[in-house]
Amino acid sequence: MTQKSLLTVDARTKKRNASEKRFKAFGLGAIIVAMVALVILLTSVVSTGSSAFKQTYATVSVPLPEAKLDKSGVRDLDVMKKVTTIGYTSLLRDGIVGTVADAGLTTTLSAKDIGKMLSKEAAATVRDHVLANPDVIGTSVEFSLLMNGRIDGYFKGRVTMESAALDGNTSPEELQLAQDMANAGLVETKFNWAFLTAPDASDQRPEAAGLGVAILGSLYMMIVVLVLALPIGVAASIYLEEFAPKNRWTDIIEVNISNLAAVPSIVYGILGLAIFINFMEFNQSSPLVGGLVLTLMTLPTIIISTRAALKSVPPSIRDAALGVGASKMQSVFHHVLPLAAPGILTGTIIGLAQALGETAPLLLIGMVAFVREYPAAYSPDAGLFGEAATALPVQVFNWTQRADPGFVERASGAIITLLIFLLIMNAIAIFLRRKFERRW
Amino acid sequence: MTQAKISAQGVQVHYADTHAIKDVNVEIADKEVTAFIGPSGCGKSTFLRCINRMNDTIDICRVTGDIRIDGEDIYDAKVDPVQLRAKVGMVFQKPNPFPKSIYDNVAYGPKIHGLSRNKAELDEIVEKSLRKAALWNEAKDRLHAPGTGLSGGQQQRLCIARAIATAPEVLLMDEPCSALDPIATAQVEELIDDLRQSFSVVIVTHSMQQAARVSQKTAFFHLGSLVEFGDTNKIFTNPEDPRTESYISGRIG
Amino acid sequence: MNEHISSAYDRDLEALQTLVMKMGGMVEDAILSSAKSLETRDIVLAEKVRAADKKIDALEEQINEDAARIIALRAPVSKDLRAILTVLRVAANLERIGDYAKNMAKRTVTLTDMAPIDGSDSALRRMSREVQEMLKDLLDAYLRRDAVLAEDVRQRDHDVDQMYNALFRELLTFMMEDPRNITTCMHLHFVAKNVERMGDLVTNMAEQVIYLVTGEMPEDDRPKGDETAFVGDVD
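Residues numbered from 1 in each chain as written. Chains lettered and ligands numbered in written order. Predicted model: local features only at pLDDT ≥ 70, side-chain atom pairs only at ≥ 80, totals over all residues.

Peer 1: Is there a simple way to explain the overall build of chain A in this structure?
Peer 2: Tallying secondary structure elements over chain A gives 19 helices and five strands in all. For a compact globule of 440 residues, the expected C-alpha radius of gyration is about 22 Å, and chain A comes in at 30 Å, more than 25% above that figure. Restricting the contact set of chain A to residue pairs at least 6 apart, pairs at least 24 apart contribute 77%. (Helix = DSSP H or I, 4+ residues; strand = E, 2+ residues; numbered from the N terminus. Rg over C-alpha atoms; globule rule 2.2 N^0.38 Å. Contact = placed C-beta atoms within 7 Å.)

Peer 1: What exactly am I supposed to notice about the interface of chain B and chain A here?
Peer 2: Accessible area lost during the coming together of the parts is what is often quoted as the interface size. The partner chain A presents 17 residues to the 20 residues of chain B that form the contact. Where the side of chain B that touches chain A is concerned, the elements lending two or more residues are helix H2 (81-87), helix H3 (102-112) and helix H6 (152-164) of chain B. A class-by-class count of the residues in the side of chain B that touches chain A yields ten nonpolar, six polar and four charged. (Nonpolar A, V, L, I, M, F, W, Y, C, P; charged D, E, K, R; others polar.)

Peer 1: Looking at this structure, I do not really get the environment of Gly41 of chain B. What am I missing?
Peer 2: Within the element layout of this structure, Gly41 of chain B appears in the loop between strand E3 (33-37) and helix H1 (44-51). In this structure, the C-alpha to C-alpha distance between Gly41 of chain B and His222 of chain B, residues 181 residues apart in sequence, is 8.3 Å.

Peer 1: Help me understand the arrangement of the chains in this model?
Peer 2: The top pair by number of contacts, from a total of two pairs of chains in contact, is chains A and B. One finds no contact between chain A and chain C; the C-alpha atoms of the two approach each other to within 33 Å at their closest.

Peer 1: Whenever I open this one, the domain arrangement of chain A confuses me. Can you help?
Peer 2: All names here are of chain A. Taken as a whole, chain A is organised into domain 1 (51-192) and domain 2 (212-436). Between the C-alpha centres of domain 1 and domain 2 the distance comes to 44 Å. If you look at the interface, domain 1 gives six residues, while domain 2 gives seven residues. (Domains from an automatic or database assignment.)

Peer 1: Any chance you could explain the confidence of the model for chain B here in plain terms?
Peer 2: Detailed reading of predicted coordinates is not advised where the pLDDT is low. In this model, chain B carries an average pLDDT of 92, and 99% of its residues clear a pLDDT of 70 or more. The complex prediction reports pTM at 0.77, with the ipTM value standing at 0.89. (pLDDT = per-residue confidence, 0-100.)

Peer 1: Can you help me understand helix H4 (residues 119-132) of chain B in this one?
Peer 2: Note: α-helices contain 3.6 residues per turn, so residues at a spacing of three or four share the same orientation. All names here are of chain B. Taking 1.5 Å of rise per residue, the 14 residues of H4 would be expected to cover 20 Å, and the 20 Å separating its terminal C-alpha atoms lies within 8% of that figure. Those residues of H4 not exposed but buried are Ile125, Val126, Ser129 and Leu130. The arc enclosing the buried residues of H4, seen along the axis, measures out at 125°, which places them on a common side. In H4, the exposed residues that point more than 90 degrees away from the buried face are Ala120, Glu121 and Glu124. Taken together, the buried residues of H4 touch H3, helix H5 (136-139) and H6. Just past H4, the residue Ala134 takes up positive phi, approximately 60°. (Expected span 1.5 Å × (residues − 1). Buried ≥ 20, exposed ≤ 12 C-beta atoms within 10 Å, placed from the backbone. Arc of directions from axis to C-beta.)

Okay, structure coming up:
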C-alpha cells in the first residue's frame, strides 16, 4: 500500500476547502451588502439633515420708537405687552428696508415684500428682547434675525430661481435681494444652536422649529425609566436567579418575562393609555406617563440581561463566599453583584437606548401634541414630570407629516441628533464595560 | 477517652433518587489530619460537604443521620449554617480567591462575622492568617494588589489564609492540591502539617501518596460506603479489607 | 488476587519473582554439588561450584536493580511493598548461602589431599541434604505464599542445629584423640559451620515469607539449637 504524501492534496480536502471558501465569500458578501445599505442610509440622512444645523440670519437695525411700543411712557410691562408681534412686524419691516437702503442695494420689491423676507418668528424675538430689556425703547438696536424658510432654503440649495418663480411664498427677486445682502455681509448662514434649544414652531415657520422641548421631554422620560426600571429590574432578576425556589411557578414566570420582551411596543402604549391615563388619570402627554410606559417596555430587557450577567459569575465565587460563612444575601451583594455589574450596566444602557428611540407607545399616550413651552421638571398643578412634552422620535414623526419642505430638513436633522445620542449612549456602555470588566 | 471533634452516625445522603452516601459512621479527632480517599464518585467530597452543610445549597440533596461537632448536632433546626461555616472552614479544589485585594480576601470573613473591633485588630488578624498560611513574606508588600494576580500555589495559600482567618476549629480541604504543580503541592502539604497543630483537618484527596504523607488517619470510601477507617500507617501497609488493599495497590479504579 | 490496572506493573513483579526462583534453583544446585564434591572428593565439580557462584552474584545484583526500579516508579504499598522487600531479603540471603557453598567447594580441594575422617562425611551429607530440602520447601512456600509451610521450614532448623552439635563434639573428640587430625577436623568444622549457617539463612527467608503472607513477622523466638557456644563451659 503506497503511502500518501502530505504534499499532495486529495480530492476530498479540495472539495472541503472549496466549500469553505464559498462560505467565507458568502459571509463577506453579506457584510458588504449590510455595509452598503448602512452607508446609503447614513448618506441620505446626513445629506438631507446636516443642513438643519445651519441657519440663515440677517443683521438688521430695528428702530424701536417709544410711540409705538410703550404707550404709557413709563415702561409699564402690562402696557408694553399689549403690543403684539403684529405691531412689531411693521417695525421690523422698516428696519430691514432701512438696512437694505443703507447698504446701497436696489430691488424691485415692495417694502411689504422686503419685510416678508424675515421669518415670522423674528417679530417674537424682538418683542421678547424688548420686554426683557425695556430700556432699549427709543433706540435702534441691531438684531440678528431669522430669515424666512424659502430664503434659508435658497442658501441651502433647496430653492432655486426656477422654483422660486413657481412658488407662491417667494419670488426670484426676493432671492436676488437676499443674495445681494449676503454679498454685502448682511446675511449669513451660521451654526444653528437654536435647532437644539428652540421649541417646535408652527407649519409656516420651519426655519424656527427646534428640538428643545423634545430633548427635554426625552430626558425626563429617560430619568423616569432609569430610576424605575433599573432597581426594579435588577432586584427582580436577583430574586429570580438567586433566591426563588426552582419550581413550576418560577419557570412560568421566566418564560413570560422572555415573552414580554418580544411584545410589540404599541401594546405597551395601549396599556399605558388604559391604566395610567384613563384609570389613574395622570396627565396625558406628560413625560411621567411616557416614562412609565417605557419602563414597562424596558424592564424585560433589563431583567434578561441582568440574569445573563448573574449567571456568568462562576459558581466558585459563590462557593468561596458561602464557605467563609457569608449568608446568601451577603454573597450576592458583596461578590456576585459587583462582578455582574458590567453586564448589568451594559444591558441597562442598551435598554435605555432602545427606549429613547421608541415612538409607537408614545403616540398612543398622546405625546404627539404640539408643545411650545419647555416643560418644567416639577410644577405644583401638574406634579413631577407632569407637564406636557414631546419626545425626539415623536418629533421626527411629527415633522415628516408637515407640508412645508423646510420640515424635511428638520426631520432629518432630528434623526441625526437621535443617532448621535444613541451613539453616545452605546459608547458609554462600551466604556463602562471595559472599565469595570474584571478577570476572575 | 477524649471526645471526637466530629462524629458521624448513620449518615445517608440522597440526590433526588440516587443514594450517594450509605450509612457512614466515622469519628474524626481534633488536632489531627484525616484523609478521605477513594475512587471517583465514591462520595468522599459529598460527605465532606455535609460537615459544613454546603450541601444545603443544592436543592435536590437530602441529608439524614447524625453529624456532631463537639457533641452538638449540626443539622439541628436551631443551627444557622452561616454560623457553622465560620467554625468550619473550607478550601476548594480550584483556588478561588475573591476578585479583590489580598488584604480584602483575608479580611472579608472576620469582617462579616464581626471578629474585629477596629482596623488595627483586623490588620492583625490578616497578618496572622497570612503568616500561618506561609504567605506573609510574599504578600506583605502587596497587600492591596488583586488576589487573582498571584500564582496558582500562592492563590491556594491565600484561600487557606482566608479560611483560617475566621478562627475555625475544623478545616475541610477538598482536593486542595489537584490544580497545583508539585512544588506548590509540597508547600501546601508542609502547611497542612503545621495547621494540624491548631485545627482538626479533613482532606479529600485523589493521591494516595498525599494521603499517606499528610494524614494520621485515613478513611477509604467506595460506592458511597465507608469501607475502612484507621491509622494511615496500617491502611497503607496492611489494610484489613480486601477492597482497600485493591484500591491502594492500584487494582481497582 | 486480581491484577493491577497497569499490566506492566504485574509483568515487572512476575519477572522479578522469576529471577528469584531462578536464583533459588541455582543455589539449591550449589548446595547439592558442593556437598557431593566434598563427599566424592571431586575437584572438577568443586571448581564448577566456584565458577557458578559468579552467576549467582550477578543475579542478586540484577534483582536489586529491578527491585529498586519498581520502588522508584510504582511506590508500592501494602502487599506489593512486602513482596518487594521480601524479594530483596531473599536475594541477599540466597547470595550468602551461595557464598557458603562456594566456601565449602574451596575447602574440598584442600581436603582432597587429606585422609577422610570416619563418619564425618555421612553426617555432613545428611546435614547438607536437610538444608537443601529446607531451601526447596522454602522456595515452594514463597511461590505459593504458604505461611504454614514456611513455619514448618523454620522449625526444621532445629534438626540442622542438632546435627551440627553432634558433629562438633565428634570432631572435638577426633582432635583430642590424635593431634594429626586437627587440620582436617578444623576444615571439616568450618564446612559444618557453613552448612549450619545456611540453615539459619533459610530460616531467615522463612520468616520473611511469613511476613509477606500475613503482614507480620513471627513473634516467637526461632528455635535456637546451637549449643556449641557452651561446650566446655565449667558450670
